Amino acid sequence: MAPPIILIDDPADPRVAAYRDVRERDLVGREGLFVAEGEVVLNVLARSGLCEPVSLMIARKRVAGLAPLIAQMPDEVPVYSASQEAMDAVVGFHIHRGILALGRRRAAPGAADMLAGLGEGSLVLALSGIANHDNMGGLFRNAAAFGVDAVLLDTDCCDPLYRKAIRVSVGAVLATPFATAQGDLLDALGAAGFETVALSPGGDRRLVDLRRASKTAVLLGAEGPGLAASVLARATTVAIPMATGFDSLNVATTAGIVLHHLAFAAVKT
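Overview of the structure. (Residues numbered from 1 in each chain as written. Predicted model: local features only at pLDDT ≥ 70, side-chain atom pairs only at ≥ 80, totals over all residues. Heavy atoms only, no water.)

Across its full length, the protein chain holds 10 helices and 12 strands. On C-alpha atoms alone, the protein chain measures out to a radius of gyration of 21 Å, which is about the 18 Å that the 2.2 N^0.38 rule sets for 269 residues. Each of the three principal axes of the protein chain carries a C-alpha extent, and together these read 60 × 40 × 30 Å. Burial analysis of the protein chain (269 residues in total) assigns 50% to the buried set. Of all intrachain contacts in the protein chain linking residues separated by at least 6 positions in sequence, the fraction that spans at least 24 positions is 78%. (Helix = DSSP H or I, 4+ residues; strand = E, 2+ residues; numbered from the N terminus. Rg over C-alpha atoms; globule rule 2.2 N^0.38 Å. Buried < 20%, exposed > 50% of the residue type's maximum accessible area, 1.4 Å probe, protein only. Contact = heavy atoms within 4.5 Å.)

Structure, rendered in structure tokens:
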């Protein structure tokens, strides 16, 4: 049994107030809620054990074709069907995909609890100062692709549940455990028994020579400043060799290369 379809023709209808002026609300937050868009992302949301849908708003012309997706939603989740004109007026711009959802995380674990729940063989992606939402989405997409067990953020990172980050991640943000450490990332990882591998152009060893510890964390910093020297001094530093005269990659690209290597690397004994 699928949730009932609720017709919306008035952009001022209070039932869709949470979708109003999406871009402006992106900047100020939604008090624990997030907006997801697109069919692929909503399919992830429907299956996620970490997040749950609160409501859907779908352009009327797309409702019939999305019947299988709608059927995955709990019966109590309202599905609002609006004309394209009304939907654009509510959202504040032309929403050409015509598919939005409001969702929430089921729980927001603390960093220590999340790490403590990870056993031998675990792989964590740790991020410091990642402020670009495209990069954040790409990092989560790579984390999901290469079997990362959790993502650990510091307080200088942007919100992974920002609409654009969710979209770029193709929904991986909604299916990958993550938490924010209120203190030092390396302290939190060390207390949980993780060996931290920090990426730097000046790393002491090449990625190709890196073997995976029984519990490994890959630490990446923001493009430009990278990781502080004081942080690098406390971790195993690794470099990805590049062509002469070129020394940097996009941070999401770097993560993809490193995580792919570790996903298939032998565990050191």
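Moving on to the environment of I166. By the element assignment, I166 lies in helix 7 (residues 163–168). Along the sequence, I166 and F246 sit 80 residues apart, while their C-alpha atoms lie 31 Å from each other. Beyond its immediate sequence surroundings of up to four residues, I166 is in contact with F34, V35, A36, V41, P160, L161, G171, V173 and L174.

In this section: the sheet that holds strand 12 (residues 236–239). Read across the sheet, 7 strands follow the order 8-7-6-11-9-12-10 without closing on themselves; strand pairing throughout is parallel. Looking at strand neighbours, the two that pair on one side only are strand 8 (178–180) and strand 10 (205–206), the edges of this open sheet. Across the face of the sheet, helix 6 (residues 133–145) comes into contact with strand 6 (123–128), strand 7 (150–153), strand 8 and strand 11 (216–221) while running at roughly 170 degrees to strand 6. Running over the sheet, helix 10 (residues 251–264) touches strand 6, strand 9 (195–199) and strand 11 and is turned about 165 degrees from strand 11. (Pairing = 2+ DSSP bridges. Axes fitted to C-alpha atoms, helices over the stretch in contact; angles between N-to-C directions.)

Before going further, it helps to spend a moment on unusual backbone geometry. One non-glycine residue with positive phi stands out, namely D21, at about 50 degrees. By the secondary structure assignment, D21 is in the loop between strand 1 (5–8) and helix 1 (22–28). One non-glycine residue with positive phi stands out, namely V170, at about 45 degrees. Residue placement: V170 occurs in the loop between helix 7 and strand 8.

Here we come to the packing of aromatic side chains. In this structure the tally under the stated criterion is 1 aromatic pair. Both rings, one in F140 and one in F178, keep their centres 5.6 Å apart while their planes meet at 85 degrees; by these two values the pair is edge-to-face. A residue pair is termed long-range when its members are at least 10 positions apart, and F140 in helix 6 and F178 in strand 8 qualify at 38 residues. Residue classification places F140 among the buried positions, given a relative accessible area of 0%. (Phe/Tyr/Trp six-rings, centres within 6.5 Å; stacked < 30°, edge-to-face > 60°.)

Let us look at the packing of helix 6 against helix 10. In the contact formed by helix 6 and helix 10, the axes pass within 8 Å of each other and the chain directions differ by 10 degrees. Relative to helix 10, the element helix 6 lies roughly parallel. Judged by residue contacts, N135, G138, L139, N142 and A143 of helix 6 engage V251, A252, A255, G256 and L259 from helix 10. Of the residues contributing to the contact of helix 6 with helix 10, the split by class is 6 nonpolar, 4 polar and no charged. (Parallel < 35°, antiparallel > 145°, perpendicular 65-115°, else oblique. Nonpolar A, V, L, I, M, F, W, Y, C, P; charged D, E, K, R; others polar.)

Tracing the sequence through the fold places Q84 in helix 4 (residues 84–91). A polar contact is formed between the side chain of Q84 and the side chain of K61, at a distance of 3.4 Å. Within the structure, Q84 has its side chain in polar contact with the side chain of D88 (distance 2.9 Å). Setting aside residues no more than four positions away along its own chain, Q84 makes contact with A59, K61, H94 and I95. (Polar contact = N/O pair within 3.5 Å; in protein donor to acceptor, adjacent residues only side chain to side chain.)

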